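Each chain, letter by letter, is given below.
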Amino acid sequence: MLVTDINNVKIYNLSGGKSVPEWVTSRKQKKGTKKQADSDRRIELIQDFDMPGVASSIAVSPDGQYILATGTYKPRVKCFEVCNLSLKFERCFDSEVEKFEILSDDYGKVAFLQADRYVEIHAAHGRHYRLRIPRFGRDLVYHKPTCDLLLVGASPDIFRLNLERGQFLLPYTSPSASGIDSITVNREHQLICTGTQEGTLEAWDYRDRKCCGTLDVAASLQNTKEIASVTALEFKNGLTVAAGTSTGHVLLYDIRARSPLAVKDHLNQLPIKKIRFQPEQKSVYSLDGAMLKIWDEATLKQKACIESLSNFNDFAHYPGSGLFLFAQEDTKMLPYYVPSEGPAPKWCSFLDNLVEDIDSETVQNVYDDYKFITKQELADLKLDHLEGTKMLRAYMHGFFIDIRLYNKAKSVSNTFAFDGFRKEKIRKQIEAARPARIQLKTALPQVNKELAQQLIEEKHMVNAKRSAIAKSLLTDDRFKNMFENPDFEVDKDAQEYRLLSAVLQRADRDKARKKENVVVTPIGEDEEDQKSTDDDLYSEKSESESEDEKRESGEELEEESVRATSKKEGRKKVLPSVSAARQQSGRSAQEDEDDGSFSLAVEEGANFNIMQPSRKIQSVSLGKRVSKLEHNTTSVQFDNGIGRREITFTLPSRSKGGKNDQDQDRSRQQTLKKHKEERRKVIRSAKGVIKKMVMRKP
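Figured I'd write up the structure that's included with this text. (Residues numbered from 1 in each chain as written. Predicted model: local features only at pLDDT ≥ 70, side-chain atom pairs only at ≥ 80, totals over all residues. Heavy atoms only, no water.)

As a further point, take the overall build of the protein. In terms of helices and strands, the protein carries 16 helices and 36 strands. Across the 698 residues that make up the protein, the buried fraction comes to 37%. Within the protein, contacts between residues at least 6 apart in sequence are counted, and of these 48% link residues at least 24 apart. Of the roughly 44000 Å² of accessible surface on the protein, 49% is carried by carbon and sulfur atoms. (Helix = DSSP H or I, 4+ residues; strand = E, 2+ residues; numbered from the N terminus. Buried < 20%, exposed > 50% of the residue type's maximum accessible area, 1.4 Å probe, protein only. Contact = heavy atoms within 4.5 Å. Areas by Shrake-Rupley, 256 points an atom, 1.4 Å probe, with all protein chains shown as cover.)

Per the counting criterion, the structure on display carries 13 aromatic pairs. Centre to centre, the rings of Phe 100 and Phe 112 are 5.7 Å apart; their planes meet at 35°, and the pair counts as tilted. Within this pair, whereas Phe 100 is found in strand β7 (residues 97–102), its partner Phe 112 is found in strand β8 (residues 110–114), the two being separated by 12 residues in sequence. For the pair Phe 100 and Phe 112, a shared accessibility class is recorded, and that class is buried. A ring pair is formed by Tyr 318 and Trp 347, whose centres lie 5.8 Å apart and whose planes are at 65°; its orientation type is edge-to-face. Remark: Trp 347 occurs in the loop between β29 (334–337) and α2 (350–358) and Tyr 318 occurs in the loop between β27 (312–317) and β28 (323–328); sequence separation between them is 29 residues. Members of the aromatic cluster, connected to one another through ring pairs, are Phe 312, Phe 315, Phe 326 and Tyr 336. (Phe/Tyr/Trp six-rings, centres within 6.5 Å; stacked < 30°, edge-to-face > 60°.)

Let us look at the sheet that holds strand β21 (residues 249–254). If you trace the four strands from one edge of the open sheet to the other, you get β19-β20-β21-β22, paired in antiparallel fashion. Taken across any chain shown, the strands that pair with only one partner, and hence form the sheet edges, are β19 (230–235) and β22 (262–265). Each strand axis lies, on average, 20° off the axis of its neighbour in the sheet, ignoring direction. Summarising the sheet, strand β20 (residues 240–245) and β21 pair through five bridges and their orientation is antiparallel. Its bridge partner lying in β21, Ala 242 is registered against Leu 252. (Pairing = 2+ DSSP bridges. Axes fitted to C-alpha atoms, helices over the stretch in contact; angles between N-to-C directions.)

Looking now at helix α6 (residues 449–459). Listed as buried for α6 are Ala 452, Leu 455 and Glu 458. Burial along α6 is one-sided: seen end-on, the buried residues are contained in an arc of 125°. The inward-facing, buried residues of α6 contact α7 (464–475) and α8 (481–484). (Arc of directions from axis to C-beta.)

With that out of the way, let us pick up the pattern of salt bridges. Tallied over the full model, the rule gives 19 salt bridges. Measuring nitrogen to oxygen at the nearest pair gives 3.3 Å for the salt bridge that ties Arg 130 to Asp 116. Linking Arg 130 in strand β10 (residues 127–132) with Asp 116 in the loop between β8 and β9 (118–122), this pair joins segments that are 14 residues apart in sequence. Residue classification places Asp 116 among the partly exposed positions, given a relative accessible area of 24%. Here the salt bridges share partners, and the residues they tie into one network are Asp 116, Glu 120, Arg 127 and Arg 130. (Salt bridge = Lys/Arg side-chain N within 4 Å of Asp/Glu carboxyl O.)

Next up on the list: a negative patch on the surface. Taken together, the side chains of Glu 489, Asp 491, Asp 493 and Glu 496 make up a negatively charged region of the molecular surface. Tracing the backbone through its elements, the reader meets Asp 491 in the loop between α8 and α9 (495–516). Using a relative accessible area of 45% as the deciding quantity, one classes Asp 491 as partly exposed. (Patch = residues over 30% accessible without salt bridge, like charges linked within 9 Å, V, L, I, M, F, W, Y side chains within 5 Å. Lys, Arg positive; Asp, Glu negative; His and termini not counted. Charge placed at Lys NZ, Arg CZ, Asp CG, Glu CD.)

Within helix α4 (residues 403–413), the full set of buried residues consists of Ile 403, Tyr 406 and Ala 409. Projected onto a plane normal to the axis of α4, the buried residues spread over an arc of 125° and lie on a single side. Exposed residues lying more than 90 degrees from the buried face of α4 are Arg 404, Lys 408, Ser 411 and Val 412. Residues of α4 that are buried make contact with β30 (370–374) and β32 (398–402). Between the side-chain oxygen at the start of α4 and the backbone nitrogen of Arg 404 there is a gap of 2.9 Å, and the oxygen is on Asp 402. (Polar contact = N/O pair within 3.5 Å; in protein donor to acceptor, adjacent residues only side chain to side chain.)

Buried together is how nonpolar side chains tend to be arranged in soluble globular proteins. Counting 26 residues, the largest nonpolar core has Phe 49, Ile 58, Ile 67, Met 333 and Trp 347 as its most contacted members. Of all the secondary structure elements, the ones that give two or more residues to this core are β3 (54–60), β4 (66–72), β28 and α2. Aside from chain neighbours lying at most four places away, what touches Trp 347 is Leu 45, Ile 46, Gly 64, Val 82, Leu 85, Tyr 318 and Leu 323. (Core = buried A, V, L, I, M, F, W, Y, C linked by side-chain atoms within 4.5 Å.)

Together, Leu 499, Leu 500 and Leu 504 give the surface a local cluster of nonpolar side chains, amounting to about 300 Å² of exposed area. Looking at the secondary structure, you find Leu 504 in helix α9.

This paragraph deals with unusual backbone geometry. In this chain, Thr 72 is followed by Tyr 73 through a cis amide linkage whose omega measures -10°. Along the chain, Tyr 73 connects to Lys 74 via a cis peptide bond; the corresponding omega equals 15°. Secondary-structure assignment places Lys 74 in the loop between β4 and β5 (76–81). Of note in the backbone geometry, Gln 269 takes a positive phi value of approximately 60° without being a glycine. Take Gln 269: it is sitting in the loop between β22 and β23 (274–278).

Let us now look at the sheet that holds β3. Taken together, the four strands give an open sheet; going across it, the order is β3-β4-β5-β6, and neighbouring strands pair in antiparallel fashion. Only two strands of the sheet have a single neighbouring strand rather than two, namely β3 and β6 (86–92). Taking the axes of each pair of neighbouring strands and ignoring which way they run, one obtains an average angle of 20° across the sheet. Two strands pair when backbone bridges link them, and β3 and β4 are joined in this way by six bridges, in the antiparallel orientation.

Let us look at the packing of α6 against α7. Following both chains from N to C, one finds α6 and α7 inclined at 135°, their axes separated by 7 Å at the closest point. With respect to α7, the element α6 is oriented oblique. Along this stretch, α6 crosses α7, giving a crossing that reads as left-handed. Counted together, Leu 455, Ile 456, Glu 458 and Lys 459 of α6 and Arg 466, Ser 467, Ala 470, Lys 471, Leu 473 and Leu 474 of α7 form the full contact between these two elements. (Parallel < 35°, antiparallel > 145°, perpendicular 65-115°, else oblique. Left-handed = near helix turned anticlockwise from the far one by under 90°.)

Moving on, we get to the state of the cysteines. Tallied over the full model, the rule gives zero disulfides. In this structure Cys 212 is not part of a disulfide, and its nearest cysteine sulfur, from Cys 211, lies 6.2 Å away. (Disulfide = S-S within 2.5 Å.)

Structurally, the position occupied by Asp 296 is in strand β25 (residues 291–296). It is Lys 303 that comes nearest to the buried, bridge-free Asp 296 among opposite-charge side chains, at 4.1 Å. A distance of 2.9 Å separates a polar side-chain atom of Asp 296 from the backbone nitrogen of Ala 298. Separated by 2.9 Å, the side chain of Asp 296 and the backbone nitrogen of Thr 299 make a polar contact. When near neighbours in sequence (up to four residues on either side) are disregarded, Asp 296 contacts Lys 282, Lys 301 and Lys 303.

It is worth spelling out the pairing of β10 at this point. Across five bridges, the pairing between β9 and β10 is antiparallel. Across the sheet, Tyr 118 pairs through a bridge with Arg 132, a residue of β10. In sequence, β9 turns back onto β10 through a hairpin of four residues, with Gly 126 there showing a positive phi of about 150°.

Every regular strand shows the same layout, with side chains that alternate between the two sheet faces. Pairing between strand β17 (residues 200–205) and strand β18 (residues 210–216): six bridges, direction antiparallel. Following the sheet pairing, Ala 203 is matched in β18 by Gly 213. Taking the residues between adjacent antiparallel strands as the criterion, β17 and β18 are bridged by four residues, where Arg 209 takes a positive phi near 60°.

Put into structure tokens, the structure is as follows:
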């Protein structure tokens with residue numbers, strides 16, 4: 001008797017002894033079967049519990065005394081009597097059986113729906129009557145209040161065969177379905193429910209012969225790519241119904257609500273074939289082609305599952321017990337016993353005694369004589385040199401190894417297991433005590449320290465917008481991984497970072513220059529910029545034109561200084577002490593001449609912008625620059641010491657000036673006026689665009 005343990009739920013396979021791998025030859029299988037130590041304890045629950053070819057469906061009679069099963073080949077039905085644990089009778093058909101329904105408490109009345117559109121009614125003695133239905137059938141159910149046998153299939157009609165009259169009645173026609181896959185009847189209020197190919201559940205009242213309600217089951221499954229048809233239906237009580245779909249989902253509904261109470265996914269996308277309830281254990285049994293899942297109705301947690309090497313076709317649960325009977329794509333029909341789901345039936349009560357004896361024995365999950373291990377476990381056991389030999393059998397992501405060899409290797413490898421466990425525990429205790437020591441904590445994170453430092457500096461900036469952005473990046477939980485997860489660290493060796501390195505270096509240089517320089521904006525400069533006229537444009541353009549001519553004569557330097565003077569005269573507030581300088585110019589010039597110190601004469605209107613001299617003057621050598629700028633009206637005196645300088649200059653008054661000065665002023669005004677008229681015709685006004693700022697070093 002094979003025992004498996006899934007989620008601490010023991011499942012007993014009553015069909016045979018040890019499970020033998022498929023790759024073992026038939027000769028070794030027979031030889032191993034004879035030498036098995038527990039061969040004398042092996043049981044065969046029901047004698048000849050098999051089919052010649054394939055078992056298609058199975059059911060238990062309402063009185064619990066008979067088990068009926070259909071299969072091929074040749075198509076047949078077998079009836080087993082449980083009190084004798086043996087076969088009672090066997091009958092053959094002309095066609096394969098799709099579904100069958102037991103009409104009485106025992107095997108006396110049975111209806112078989114066959115694959116060739118025929119329905120056979122059998123009595124205790126044999127076949128009673130055989131008739132044909134209009135369409136191919138898929139499911140049938142017996143409605144006791146009306147004695148109607150309801151058949152559904154590849155049409156929207158629910159065919160009604162009245163067994164009391166022996167004739168067909170007017171069928172129920174679904175208004176929206178193209179085909180019906182399943183049908184069931186509620187045993188409390190006799191409501192008829194059908195599952196359609198379009199994924200709807202329709203309820204029919206036999207008194208009105210009308211559809212009284214519809215549930216859209218497919219709409220409750222949002223993640224499915226195709227429309228799920230309803231392939232299985234089962235009522236728990238008068239209000240709760242379970243619907244199984246072709247996509248492997250089981251939905252529990254209250255017939256008074258449109259949304260499901262719970263949705264269980266089999267996770268294999270195989271159609272659900274049958275559903276049954278166990279009210280005493282609050283369990284739901286749902287079968288697909290691969291397995292039977294046993295799960296809790298309230299929490300949807302899976303309790304256990306039963307699998308086989310062949311696909312399942314049908315199952316029957318013996319009422320009030322933990323016995324399951326399976327019809328599969330194989331000759332054997334499998335009986336399983338799950339003690340957690342109920343006691344053994346009365347006719348096989350000896351199973352409980354066997355279970356108590358086997359509880360103390362070791363339980364194997366896959367094969368009794370083989371152990372499945374992964375490649376890493378094989379390396380830990382130091383048996384990786386056996387790969388490719390007959391000692392290992394590759395399977396999925398690991399290997400099967402003989403259990404005796406595994407136990408020997410395990411005992412050898414675990415010699416120093418306690419020493420390793422002791423060292424690991426000591427290490428964990430030491431690490432747990434380390435946080436109590438004094439630790440130096442830094443405000444900067446371990447990841448992206450430079451970025452965090454930059455954001456902290458921007459956080460304290462005067463610019464409110466940039467400060468708010470930096471503060472949000474540092475405090476927002478959405479960006480915390482940027483400073484905690486090493487995967488988000490800036491990789492300076494990446495190609496993208498190298499492409500941006502030149503831009504970043506230029507930005508750093510600009511920031512360094514801004515720290516060294518201080519921007520000073522004179523009072524009233526903004527007002528002067530708003531009142532700017534074409535004089536500024538004229539003076540700037542005249543400088544650029546003089547640069548293009550590239551003359552090196554002294555006359556051009558004098559003209560450039562005159563144009564700079566006209567520019568400065570347009571901004572009187574830049575040099576607010578000009579009048580005072582005129583009053584002191586005479587005295588300072590005489591004192592300089594008496595002292596005999598070095599002096600540099602500058603003509604009237606010379607450019608005193610030392611920080612930004614004109615590009616033309618910069619191109620001239622220092623000797624020529626001094627010789628051209630020698631004037632009697634201005635002198636520069638250098639005293640002992642670094643950075644000490646004194647400049648004195650005098651400006652001739654217009655009242656005392658001669659005719660030459662007046663002629664020069666008149667010609668200058670005419671030239672400026674003419675140029676203004678020409679520029680107005682060519683360019684637009686630059687009012688409010690140009691803003692001048694004086695840069696001074698601290």
